[in-house]
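This is what each chain is made of:
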Amino acid sequence: MNIQIRKPVETDSFQVELDPDVSIGTAKVFAIYGKGGIGKSTTSSNLSVAFSKLGKRVLQIGCDPKHDSTFTLTKRLAPTVIDALESVKFHSEELRVEDFVVEGYNGVMCVEAGGPPAGTGCGGYVVGQTVKLLKEHHLLDDSDVVIFDVLGDVVCGGFASPLQHAGRALIVTANDFDSIFAMNRIVAAIRAKSKNYEVRLGGVIANRSAGTNEIDRYNDAVGLKRVAHFPDLDVIRRSRLKKSTLFEMEPSPELEAVQAEYLRLAQELWDGYEPLDATPMKDRDLFEFLGFD
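So, how was this worked out
- Residues numbered from 1 in each chain as written.
- Predicted model: local features only at pLDDT ≥ 70, side-chain atom pairs only at ≥ 80, totals over all residues.
- Heavy atoms only, no water.
- Axes fitted to C-alpha atoms, helices over the stretch in contact; angles between N-to-C directions.
- Helix = DSSP H or I, 4+ residues; strand = E, 2+ residues; numbered from the N terminus.
- Parallel < 35°, antiparallel > 145°, perpendicular 65-115°, else oblique.
- Contact = heavy atoms within 4.5 Å.
- Nonpolar A, V, L, I, M, F, W, Y, C, P; charged D, E, K, R; others polar.
- Pairing = 2+ DSSP bridges.
- Buried < 20%, exposed > 50% of the residue type's maximum accessible area, 1.4 Å probe, protein only.

Undergrad: When you look at the packing of helix α1 (residues 40-53) against helix α8 (residues 253-271) in this model, what are you seeing that I'm missing?
TA: Packed helix pairs are specified by the crossing angle of their axes together with the interaxial distance, meaning the distance between the axes. In the contact formed by α1 and α8, the axes pass within 8 Å of each other and the chain directions differ by 70°. By the angle class used here, α1 and α8 are roughly perpendicular. Residues Thr42, Thr43, Asn46, Leu47, Ala50, Phe51 and Lys53 of α1 lie in contact with α8, whose contacting residues are Tyr262, Leu263, Leu265, Ala266, Leu269 and Trp270. Its residues assigned to classes, the contact of α1 with α8 comprises nine nonpolar, three polar and one charged.

Set out below in C-alpha cells:
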C-alpha cells in the first residue's frame, strides 16, 4: 500500500491518498527514524555506502523537504521528485530517470522526495509518488537495498508512509533525554503500523554519544536492542562540511573503527535477524524513568 498525489484544482493544496497497487518488491527495505538533528542523514548515507561496499545495489530515498539527505553522496543538493513533477505539470509519464535520480558515491542511487511549499499540504504525500515513479522505471526491481531517510520524529500519516514499505525500522538516538523521549514515540508509531504492515523494529543506533548507558537502560525496559554505536567524533562532523561520506575521508585509526562499525551493521542487517517486539512507555512514565543525575 502506498500514498498517491491528489492536487485539488480549487485549493492549491496537496493531499494524501492510498494506492493499494504499488509495492517495492524483493529489495530489503529499511526506514531510518529519530529526533530531528540527531544525524539520520549521516547515518543513512554511510550505511548506504557500507551496503554498496558489500556489493549490494543501493537506493537511498530522502524524505525531508530540505532535500539534503544525499548531499554527501552526490556532493550537491539533488533535484527533488516534487520539483520534477511540477516541471511537467504532474504528468509523470513525461519524466526520465535522470530527472529525479542521481548516482552518488560508489554507485549509490540517490532520490530526494522533497515537499510542498510551507502551508500547502502534507509534507509526506510525495513519498508515495516517489515510490510509484521508481517502480514505473524499474529502479526498485534493480535494487538490493532501499533506505528511507525520514524527517525528524514526525509520526503522522504522511511521514509514516515509509513504514508501509519497510521490512525493518531503525531508530537513531543520542544518549540524552530528548532523543530517547522522541524514540519512545517512534516505537509507538512503528508498533501501530506493524498491525497492518510487515514493518518491524530492527533496533537502535546510538549516535553522537560517548556513552550509551541511558539508551541501554531504556532498551532493556521496553524490549529494544542497540545494534550499533557511533561516537561523537570530529571526523564525522568534518565529513558533512566536506560534503563527503566517511568512506572518502583521510584515513585514521578512529575513522577506520567507525567504517568497520558501519560495515558490520550493514552485513548484520543484510543477513537478517529476529525483529524486536518492544512496548513503549506512556509519556508520564517515561518522564519519570528518564530522571538523569
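Let's pick the thread back up.
Undergrad: Whenever I open this one, the sheet that holds strand β5 (residues 102-103) confuses me. Can you help?
TA: Pairing between the strands of a sheet is mediated by backbone hydrogen bonds and can be parallel or antiparallel. Taken in spatial order, the eight strands line up as β5-β6-β4-β7-β3-β8-β9-β10 in an open sheet, and their pairing is mixed. Of all strands in the sheet, those with a lone pairing partner are β5 and β10 (226-230), marking the two edges. As paired elements, strand β3 (residues 28-34) and strand β8 (residues 168-173) share five bridges and run parallel to each other. Across the sheet, the residue bridging to Tyr33 is Ile171, located in β8. Of the strands in this sheet, β3, β8 and β9 (200-207) touch helix α5 (residues 177-193), which is tilted by about 170° from β8.

Undergrad: Would you mind showing me how to read the pairing of strand β4 (residues 58-63) here?
TA: A regular strand places its side chains on the two faces of the sheet in alternate fashion. Most of β4 is tucked away: six of the six residues are buried. Here β4 shows no split at all, with Val58, Gln60 and Gly62 on one side and Leu59, Ile61 and Cys63 on the other all buried. Across six bridges, β4 lies against strand β7 (residues 145-150) in parallel orientation. Following the sheet pairing, Ile61 is matched in β7 by Phe148. In this structure, β4 lies alongside strand β6 (residues 109-112), joined through four bridges in parallel fashion. If you follow Gln60 over to β6, its bridge partner there is Cys110.

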